[in-house]
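Listed here are the chains, written in short residue letters.
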Amino acid sequence: MENILILKTNVKKPKQVVSLQSLFSKHSEIEQWSIDLEDVDSVLRIVSKTLTYTKVTHLLKQLGYFSCELEG
């Protein structure tokens, strides 16, 4: 079953998205991802069967970005 993870991030610039693309394209557990830089929360959406919010937050932290689960 696919999980859709929705996170608030501090990614604000297209240049930063390129660094995410480098990380996510190499990550076999990420099936699909997108980020909305026009949203005030810079919402990151990840589709994965196995990743958790904790794992994604850790991955982003390694690149120097903040993220947390976006609760509706």
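Everything in this summary refers to the structure shown in the same document. (Residues numbered from 1 in each chain as written. Predicted model: local features only at pLDDT ≥ 70, side-chain atom pairs only at ≥ 80, totals over all residues. Heavy atoms only, no water.)

## Structural notes on the overall build of the protein chain
From N to C terminus, the protein chain includes two helices and four strands. Taken from the N to the C terminus, the helices and strands of the protein chain come in the order β-α-β-β-α-β. Compactness check: the protein chain gives a C-alpha radius of gyration of 11 Å against a globular reference of 11 Å for 72 residues, within 12% of the reference. Expressed along its principal axes, the backbone C-alpha trace of the protein chain runs to roughly 30 × 30 × 20 Å. Going through the 72 residues of the protein chain one by one, you find that 32% of them count as buried. The long-range share in the protein chain, meaning contacts at least 24 apart out of those at least 6 apart in sequence, stands at 62%. By element, 52% of the accessible surface of the protein chain is carried by carbon and sulfur atoms, the whole surface being about 4800 Å². Distance between charge centres in the protein chain, computed from 9 positive and 9 negative side chains, equals 9 Å. (Helix = DSSP H or I, 4+ residues; strand = E, 2+ residues; numbered from the N terminus. Rg over C-alpha atoms; globule rule 2.2 N^0.38 Å. Buried < 20%, exposed > 50% of the residue type's maximum accessible area, 1.4 Å probe, protein only. Contact = heavy atoms within 4.5 Å. Areas by Shrake-Rupley, 256 points an atom, 1.4 Å probe, with all protein chains shown as cover. Lys, Arg positive; Asp, Glu negative; His and termini not counted. Charge placed at Lys NZ, Arg CZ, Asp CG, Glu CD.)

## Looking at unusual backbone geometry
Unusually for a residue other than glycine, Ser-42 sits at a positive phi of about 45°. Note that Ser-42 resides in the loop between strand 2 (32–36) and strand 3 (43–48). Accessibility expressed as a relative area gives 0% for Ser-42, which makes it buried.

## A look at the environment of Ser-28
Relative to the assigned elements, Ser-28 resides in the loop between helix 1 (14–25) and strand 2. A residue is classified by how much of its surface remains accessible, and Ser-28, at 72% relative accessible area, is exposed.

## With respect to helix 2 (residues 53–62)
The periodicity of an α-helix, 3.6 residues per turn, causes residues three or four positions apart to be oriented the same way. Listed as buried for helix 2 are Val-56, Leu-59 and Leu-60. Taken down its axis, helix 2 places every buried residue within 95° of arc, on the same side. Exposed residues lying more than 90 degrees from the buried face of helix 2 are Thr-54, Lys-61 and Gln-62. Those residues of helix 2 that are buried are in contact with strand 1 (3–9), helix 1, strand 3 and strand 4 (67–69). (Arc of directions from axis to C-beta.)

## What to know about the pairing of strand 2
Within a regular beta strand, the side chains point alternately toward one face of the sheet and then the other, so they alternate between its two faces. Of the pairings in the sheet, the one linking strand 2 to strand 3 comprises five bridges and is antiparallel in character. Along strand 3, the bridge assignment pairs Gln-32 with Val-47. (Pairing = 2+ DSSP bridges.)

## Observations regarding the pattern of salt bridges
For the structure on display, the rule yields one salt bridge. Linking Asp-41 and Lys-8 is a salt bridge whose minimum nitrogen-to-oxygen distance equals 3.8 Å. Of this pair, Asp-41 sits in the loop between strand 2 and strand 3 while Lys-8 is found in strand 1, placing the two residues 33 residues apart along the sequence. (Salt bridge = Lys/Arg side-chain N within 4 Å of Asp/Glu carboxyl O.)

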